[in-house]
Amino acid sequence: MSPITGEETVASLRAALERTERQAAARQTQLERYAADLREVFKQERARAQELRRSYMATVRALSNAVEARDAYTGKHAERVAAYGMVLAQATGLQVADSPQIEFGFLLHDVGKVAVPDAILFKSSSLTEEEYALVRRHPVIGSEILRDVDFLGEGKLVVRHHHERWDGTGYPDGLRGEQIPLAARVFAIADTLDALTTDRPYRKAIGWEEARKIICRAAGTQFDPAVVAAYDAIGDETFARLSDGVRSSSTPP
Ligand SMILES: [Fe+2]
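So, here's what we can say about the structure. (Residues numbered from 1 in each chain as written. Predicted model: local features only at pLDDT ≥ 70, side-chain atom pairs only at ≥ 80, totals over all residues. Heavy atoms only, no water.)

A few words now on the overall build of the chain. Along the backbone of the chain there are 11 helices and 0 strands. When the helices and strands of the chain are read in sequence order from the N terminus, they spell out α-α-α-α-α-α-α-α-α-α-α. In terms of overall size, the chain is more extended than a compact globule, its C-alpha atoms giving a radius of gyration of 30 Å where 253 residues would be expected to give roughly 18 Å. Seen along its three principal axes, the alpha-carbon backbone of the chain occupies a region of about 115 × 35 × 35 Å. (Helix = DSSP H or I, 4+ residues; strand = E, 2+ residues; numbered from the N terminus. Rg over C-alpha atoms; globule rule 2.2 N^0.38 Å.)

Note on placement: Glu40 falls in helix 1 (residues 6-68). Take Glu40: its relative accessible area is 36%, and that puts it in the partly exposed class. (Buried < 20%, exposed > 50% of the residue type's maximum accessible area, 1.4 Å probe, protein only.)

Their axes nearest at 8 Å, the elements helix 2 (residues 77-92) and helix 3 (residues 100-108) cross at an angle of 145 degrees. Where helix 2 crosses over helix 3, the handedness of that crossing is right-handed. Of the residues in helix 3, those in contact with Ala78, Glu79, Ala82, Gly85 and Met86 of helix 2 are Glu103, Phe106 and Leu107. When the residues that make up the contact of helix 2 with helix 3 are grouped by side-chain class, the tally is 5 nonpolar, 1 polar and 2 charged. (Axes fitted to C-alpha atoms, helices over the stretch in contact; angles between N-to-C directions. Left-handed = near helix turned anticlockwise from the far one by under 90°. Contact = heavy atoms within 4.5 Å. Nonpolar A, V, L, I, M, F, W, Y, C, P; charged D, E, K, R; others polar.)

Turning our eyes to something else, we now look at helix 1. In this model helix 1 runs 92 Å from its N-terminal to its C-terminal C-alpha over 63 residues, within 8% of the 93 Å that 1.5 Å per residue would give. Listing the buried residues of helix 1 in full gives Met57, Val60, Ser64, Val67 and Glu68. On its buried side, helix 1 packs onto helix 2 and helix 3. (Expected span 1.5 Å × (residues − 1).)

What follows deals with the environment of Arg185. Inspection of the secondary structure puts Arg185 in helix 8 (residues 182-197). On the basis of relative accessibility, which here comes to 11%, the residue Arg185 falls in the buried class. Along the chain, Arg185 and Ala226 lie 41 residues apart, while their C-alpha atoms are 9.8 Å from each other. A polar side-chain atom of Arg185 sits 2.8 Å from the main-chain carbonyl oxygen of Ile180. (Polar contact = N/O pair within 3.5 Å; in protein donor to acceptor, adjacent residues only side chain to side chain.)

Turning to the coordination of the iron ion, a few remarks are in order. At 2.2 Å from the iron ion lie its protein donor atoms, namely Asp110 (OD), His138 (NE2), His162 (NE2) and His163 (NE2). Taken together, the 4 donor atoms coordinating the iron ion span angles of 83 to 174 degrees at the metal, a pattern that classifies the geometry as irregular. Read N to C, the donor residues that coordinate the iron ion are spaced as D-x27-H-x23-H-H. Here His162 lies in the loop between helix 7 (155-161) and helix 8 and Asp110 lies in the loop between helix 3 and helix 4 (118-121), a separation of 52 residues in the sequence. We note that Asp110, like His162, is buried. (Donors = N, O, S within 2.8 Å, 3.2 Å for Na, K, Ca; no water. Tetrahedral: all angles 85-135°; square planar, octahedral: opposite > 155°, others 65-115°.)

His162 gets classed as buried once you look at its relative accessible area, which sits at 3%. Among the polar contacts listed, one links the side chain of His162 to the backbone oxygen of Val159, at a separation of 2.9 Å.

A full pass over the atoms with the stated rule returns 7 aromatic pairs. Geometrically, the ring pair formed by Tyr56 and Phe151 is stacked, given 3.8 Å between the ring centres and 5 degrees between the ring planes. Separated by 95 residues along the polypeptide, Tyr56 in helix 1 and Phe151 in the loop between helix 6 (138-145) and helix 7 bring together distant segments of the chain. Here the aromatic rings of Tyr84 and Trp208 are separated by 6.0 Å at their centres, their planes lie at 80 degrees, and the arrangement is edge-to-face. With Tyr84 in helix 2 and Trp208 in helix 9 (residues 208-217), this residue pair connects regions lying 124 residues apart in the sequence. Looking at Arg212, its charged tip hangs above the ring of Tyr231, at a distance of 4.8 Å from the centre. (Phe/Tyr/Trp six-rings, centres within 6.5 Å; stacked < 30°, edge-to-face > 60°. Lys NZ or Arg CZ within 6 Å of the ring centre and 35° of its normal.)

In contact at an axis separation of 10 Å, helix 9 and helix 10 (residues 225-232) are set at 160 degrees when each is read in the N-to-C sense. Judged by the inter-axis angle, helix 9 sits roughly antiparallel to helix 10. Relative to helix 10, the crossing made by helix 9 is left-handed. Contacts between helix 9 and helix 10 involve Ala211, Arg212, Ile215 and Cys216 from the former and Val228, Tyr231 and Asp232 from the latter. (Parallel < 35°, antiparallel > 145°, perpendicular 65-115°, else oblique.)

Inside soluble globular proteins, nonpolar side chains tend to come together where they are buried. If you look at the biggest cluster of nonpolar residues, it comprises 40 residues, and the most contacted ones within it are Phe106 and Ile189. Going through the elements one at a time, helix 1, helix 2, helix 3, helix 7, helix 8, helix 9 and helix 10 are the ones with two or more residues in this core. With sequence-adjacent residues up to four places away left out, Ile189 is seen in contact with Leu88, Ile215, Phe223, Val227, Val228 and Tyr231. (Core = buried A, V, L, I, M, F, W, Y, C linked by side-chain atoms within 4.5 Å.)

Further remarks concern unusual backbone geometry. The step from Tyr171 to Pro172 runs through a cis peptide bond, and the omega angle for that step is 10 degrees. Looking at the element boundaries, Pro172 is found in the loop between helix 7 and helix 8.

As structure tokens, then:
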């Protein structure tokens, strides 16, 4: 066997190096392909998640519209309250962008009223004690109706607790202060603001300024003072614009 020369050693090293380089290039191409595949999967997943979120919102709006269709008076109340509530939630520091469930809860807050007869719901004179007791059951009925709808998440807490009061005299559970979920405390102000500024069977609408005074006076009794402060820092024009926006988005009968 002839001895290995220096030239042969260099040649074999060069061949080994070329092999290694080819393998490295192949690995890099493969990795780039994996990365491209991953990007594509991620893009598709994001599109699917957005589609799912749109479907959830469409379902919730359909349900909310079905509840409101029987009430010519409060027409679009849920849409307006949801719009006011989202602005208030942002001002209060609630992470609404990450939690569409809160908006779902705002839209569906009165779904339990399906169980309240029209004769009671639209009565223009004062309610009897029994009638009032029936109306007061709507948050519990609503949360029962939605109990198994998982995607509503903490939105269901808004449905159950939107008539609780800061001082503990609300219903259905008589929660007080911070026992009341923050989203429900925010919602209570949005709900009252819309109730005061729209015509109802039993009284006429009042202006934004007057409504503000009434809400601010109820800080610490009906409402969370911190949420009232957040509300009071938002101008009337913001709420007026939101209200107009909901009206102009409504479809004619
Ligand atoms: Fe309600």
